[in-house]
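Summary of structural features
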Amino acid sequence: FLRPAEVQGNASREKIADFVHFHRQRPPGPIARLYCIHTHSAFAPARHHWREGFPSWRKGNDIVIRAAAQLAHAFPGRFRLVFIHWGAELPLSKQLIEELGIGSYVEWHEPMPKAELLRGYATGSCVIDQFVLPCIGSVTLEAIAVGHCPVITRLDDAAMMQHYGATIPLFNAGTVEDVYR
(Lines give C-alpha, C1' and ligand atoms only; values in the text may rest on other atoms or scores of the structure.)
Protein backbone atom coordinates (compact mmCIF):
# COMPACT_ATOMS: atom_id res chain seq x y z
CA PHE A 1 0.00 0.00 0.00
CA LEU A 2 1.68 3.18 -1.19
CA ARG A 3 0.01 6.47 -0.43
CA PRO A 4 1.22 9.58 -2.31
CA ALA A 5 2.15 12.54 -0.13
CA GLU A 6 -0.65 14.70 -1.52
CA VAL A 7 -3.32 12.49 0.09
CA GLN A 8 -1.69 12.36 3.52
CA GLY A 9 -4.29 14.73 5.00
CA ASN A 10 -7.19 12.45 4.02
CA ALA A 11 -5.38 9.41 5.34
CA SER A 12 -4.69 11.14 8.64
CA ARG A 13 -8.34 12.14 9.07
CA GLU A 14 -9.41 8.56 8.34
CA LYS A 15 -6.74 7.26 10.75
CA ILE A 16 -5.08 5.12 8.07
CA ALA A 17 -1.63 4.05 9.22
CA ASP A 18 1.47 4.37 7.09
CA PHE A 19 2.31 0.98 5.64
CA VAL A 20 5.19 2.03 3.43
CA HIS A 21 7.83 4.63 4.18
CA PHE A 22 10.47 5.72 1.71
CA HIS A 23 13.88 5.43 3.30
CA ARG A 24 16.52 8.01 2.57
CA GLN A 25 18.97 6.73 0.02
CA ARG A 26 21.70 8.69 -1.58
CA PRO A 27 21.02 9.20 -5.29
CA PRO A 28 23.88 8.83 -7.78
CA GLY A 29 26.29 11.75 -7.74
CA PRO A 30 26.83 14.27 -10.54
CA ILE A 31 29.26 12.02 -12.44
CA ALA A 32 26.78 9.13 -12.53
CA ARG A 33 24.04 11.52 -13.56
CA LEU A 34 26.10 12.94 -16.42
CA TYR A 35 27.00 9.43 -17.52
CA CYS A 36 23.38 8.29 -17.44
CA ILE A 37 22.06 11.18 -19.50
CA HIS A 38 24.89 11.96 -21.87
CA THR A 39 26.21 8.60 -23.04
CA HIS A 40 23.17 6.37 -23.34
CA SER A 41 19.41 6.66 -23.62
CA ALA A 42 16.61 8.29 -21.68
CA PHE A 43 13.34 6.34 -21.72
CA ALA A 44 10.41 8.80 -21.61
CA PRO A 45 7.13 6.83 -21.88
CA ALA A 46 4.68 9.53 -20.70
CA ARG A 47 1.93 10.37 -23.19
CA HIS A 48 2.47 13.52 -25.24
CA HIS A 49 0.22 16.11 -23.66
CA TRP A 50 1.80 19.43 -22.78
CA ARG A 51 -0.13 22.42 -24.07
CA GLU A 52 -3.93 22.00 -24.14
CA GLY A 53 -6.60 20.56 -21.85
CA PHE A 54 -6.65 20.25 -18.09
CA PRO A 55 -3.34 21.14 -16.42
CA SER A 56 -3.43 17.87 -14.46
CA TRP A 57 -3.26 15.97 -17.77
CA ARG A 58 -0.10 17.73 -18.92
CA LYS A 59 3.22 15.91 -18.80
CA GLY A 60 5.69 18.61 -19.83
CA ASN A 61 7.06 16.71 -22.84
CA ASP A 62 8.21 20.05 -24.26
CA ILE A 63 10.53 20.42 -21.26
CA VAL A 64 12.25 17.13 -22.02
CA ILE A 65 12.47 17.93 -25.74
CA ARG A 66 14.02 21.35 -25.08
CA ALA A 67 16.49 19.84 -22.58
CA ALA A 68 17.37 17.18 -25.20
CA ALA A 69 18.15 19.99 -27.66
CA GLN A 70 20.56 21.54 -25.17
CA LEU A 71 22.18 18.14 -24.63
CA ALA A 72 22.46 17.60 -28.38
CA HIS A 73 24.36 20.86 -28.77
CA ALA A 74 26.57 20.31 -25.72
CA PHE A 75 27.27 16.59 -26.28
CA PRO A 76 26.66 15.76 -29.95
CA GLY A 77 25.85 12.13 -30.66
CA ARG A 78 26.15 10.96 -27.06
CA PHE A 79 22.56 10.21 -26.08
CA ARG A 80 19.21 8.99 -27.35
CA LEU A 81 15.74 10.04 -26.24
CA VAL A 82 13.17 7.23 -26.45
CA PHE A 83 9.47 8.18 -26.64
CA ILE A 84 6.28 6.17 -26.92
CA HIS A 85 4.21 7.21 -29.92
CA TRP A 86 1.02 8.24 -28.13
CA GLY A 87 -0.87 11.24 -26.83
CA ALA A 88 -3.19 13.96 -28.06
CA GLU A 89 -0.32 16.36 -28.73
CA LEU A 90 2.06 14.01 -30.49
CA PRO A 91 2.11 16.29 -33.59
CA LEU A 92 3.19 19.22 -31.39
CA SER A 93 6.05 17.17 -29.94
CA LYS A 94 7.18 16.05 -33.39
CA GLN A 95 7.01 19.63 -34.66
CA LEU A 96 9.11 20.90 -31.74
CA ILE A 97 11.66 18.12 -32.27
CA GLU A 98 12.00 19.13 -35.92
CA GLU A 99 12.17 22.87 -35.09
CA LEU A 100 14.99 22.18 -32.65
CA GLY A 101 16.78 19.93 -35.13
CA ILE A 102 17.07 16.90 -32.87
CA GLY A 103 15.12 14.32 -34.87
CA SER A 104 18.22 12.10 -35.15
CA TYR A 105 18.39 11.90 -31.34
CA VAL A 106 14.80 10.70 -30.90
CA GLU A 107 13.61 7.12 -31.20
CA TRP A 108 9.88 6.34 -31.35
CA HIS A 109 8.17 3.14 -30.21
CA GLU A 110 4.55 2.21 -30.75
CA PRO A 111 2.32 1.74 -27.67
CA MET A 112 2.96 -1.66 -26.14
CA PRO A 113 1.46 -4.09 -23.63
CA LYS A 114 2.27 -3.28 -19.98
CA ALA A 115 4.71 -6.20 -19.60
CA GLU A 116 6.73 -4.95 -22.56
CA LEU A 117 6.60 -1.38 -21.25
CA LEU A 118 7.95 -2.53 -17.89
CA ARG A 119 10.84 -4.23 -19.66
CA GLY A 120 11.38 -0.98 -21.54
CA TYR A 121 12.23 0.82 -18.31
CA ALA A 122 15.36 -1.31 -18.05
CA THR A 123 16.53 -0.30 -21.54
CA GLY A 124 17.18 3.32 -20.65
CA SER A 125 20.09 4.73 -18.70
CA CYS A 126 17.47 6.82 -16.97
CA VAL A 127 13.68 7.03 -16.97
CA ILE A 128 11.90 10.34 -17.48
CA ASP A 129 8.39 10.90 -16.11
CA GLN A 130 6.45 14.19 -16.09
CA PHE A 131 7.36 17.76 -15.10
CA VAL A 132 4.07 19.55 -14.46
CA LEU A 133 2.56 18.26 -11.21
CA PRO A 134 4.93 17.82 -8.26
CA CYS A 135 3.80 14.28 -7.45
CA ILE A 136 4.64 10.65 -8.01
CA GLY A 137 3.33 9.56 -11.41
CA SER A 138 2.72 6.05 -12.69
CA VAL A 139 5.93 6.09 -14.74
CA THR A 140 7.94 6.82 -11.58
CA LEU A 141 6.16 4.12 -9.59
CA GLU A 142 6.61 1.55 -12.34
CA ALA A 143 10.30 2.40 -12.80
CA ILE A 144 10.89 2.04 -9.06
CA ALA A 145 8.87 -1.20 -8.98
CA VAL A 146 11.06 -2.81 -11.62
CA GLY A 147 14.16 -1.58 -9.81
CA HIS A 148 15.27 1.04 -12.31
CA CYS A 149 16.93 4.24 -11.19
CA PRO A 150 17.66 6.99 -11.84
CA VAL A 151 14.28 8.53 -12.53
CA ILE A 152 13.86 12.19 -13.45
CA THR A 153 10.50 13.76 -12.52
CA ARG A 154 8.98 16.64 -10.59
CA LEU A 155 8.33 16.07 -6.89
CA ASP A 156 7.44 18.13 -3.87
CA ASP A 157 10.41 17.33 -1.64
CA ALA A 158 8.92 19.28 1.30
CA ALA A 159 5.71 17.20 1.17
CA MET A 160 7.73 14.00 0.91
CA MET A 161 9.78 14.98 3.98
CA GLN A 162 6.66 15.97 5.91
CA HIS A 163 4.73 12.80 5.17
CA TYR A 164 7.44 10.15 4.85
CA GLY A 165 10.41 11.62 6.71
CA ALA A 166 12.62 11.28 3.62
CA THR A 167 12.72 12.18 -0.03
CA ILE A 168 12.67 9.60 -2.78
CA PRO A 169 16.09 9.06 -4.40
CA LEU A 170 15.09 10.62 -7.72
CA PHE A 171 16.23 13.62 -9.70
CA ASN A 172 13.69 16.36 -9.04
CA ALA A 173 13.20 18.52 -12.13
CA GLY A 174 10.57 21.02 -13.20
CA THR A 175 12.30 23.12 -15.84
CA VAL A 176 14.37 22.65 -18.98
CA GLU A 177 17.45 23.72 -17.03
CA ASP A 178 16.73 21.17 -14.26
CA VAL A 179 16.47 18.33 -16.77
CA TYR A 180 19.56 19.48 -18.63
CA ARG A 181 21.65 19.60 -15.43
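The rules behind each value
- Residues numbered from 1 in each chain as written.
- Predicted model: local features only at pLDDT ≥ 70, side-chain atom pairs only at ≥ 80, totals over all residues.
- Heavy atoms only, no water.
- Helix = DSSP H or I, 4+ residues; strand = E, 2+ residues; numbered from the N terminus.
- Buried < 20%, exposed > 50% of the residue type's maximum accessible area, 1.4 Å probe, protein only.
- Contact = heavy atoms within 4.5 Å.
- Areas by Shrake-Rupley, 256 points an atom, 1.4 Å probe, with all protein chains shown as cover.
- Core = buried A, V, L, I, M, F, W, Y, C linked by side-chain atoms within 4.5 Å.
- pLDDT = per-residue confidence, 0-100.

Observations regarding the overall build of the chain
- A count of helices and strands for the chain gives 8 helices and 6 strands.
- Along the chain direction, N to C, the helices and strands of the chain fall in the order α-α-β-α-β-α-β-α-β-α-β-α-β-α.
- Counting across all 181 residues of the chain, residues that qualify as buried make up 45%.
- Relative to all contacts within the chain whose residues are 6 or more apart in sequence, the contacts with residues 24 or more apart total 66%.
- Surface exposure of the chain reaches about 9500 Å², of which carbon and sulfur atoms provide 57%.

Some points on the nonpolar core
- Counting residues in each nonpolar core, the largest one holds 27 residues, and the members touching the most others are Val64, Leu81, Phe83, Ile102, Ile128 and Phe131.
- Breaking this core down by element, the ones donating at least two residues are strand E1 (41-44), helix H3 (61-74), strand E2 (80-84), helix H4 (90-100), strand E4 (126-128) and helix H8 (176-180).
- The leading source of residues in this core is H3, at 8 residues.
- Setting aside residues no more than four positions away along its own chain, Leu81 makes contact with Ala42, Ala44, Val64, Ala68, Tyr105, Val106, Glu107 and Ile128.
- Among the nonpolar cores identified, the runner-up in size contains 15 residues, and Leu117, Tyr121, Val127 and Met160 belong to it.

Observations regarding the confidence of the model for the chain
- Put simply, the chain has an average pLDDT of 80, and 77% of its residues get 70 or more.
- By mean pLDDT, helix H2 (residues 30-38) is the weakest element of the chain at 40, and H4 is the strongest at 98.
- Segment residues 6-11: pLDDT under 50, and 6 contacts once partners within four positions in sequence are set aside and those in other chains are kept.
- With pLDDT under 50 throughout, residues 13-38 is counted as low confidence; its partners more than four residues away or in other chains account for 46 contacts.

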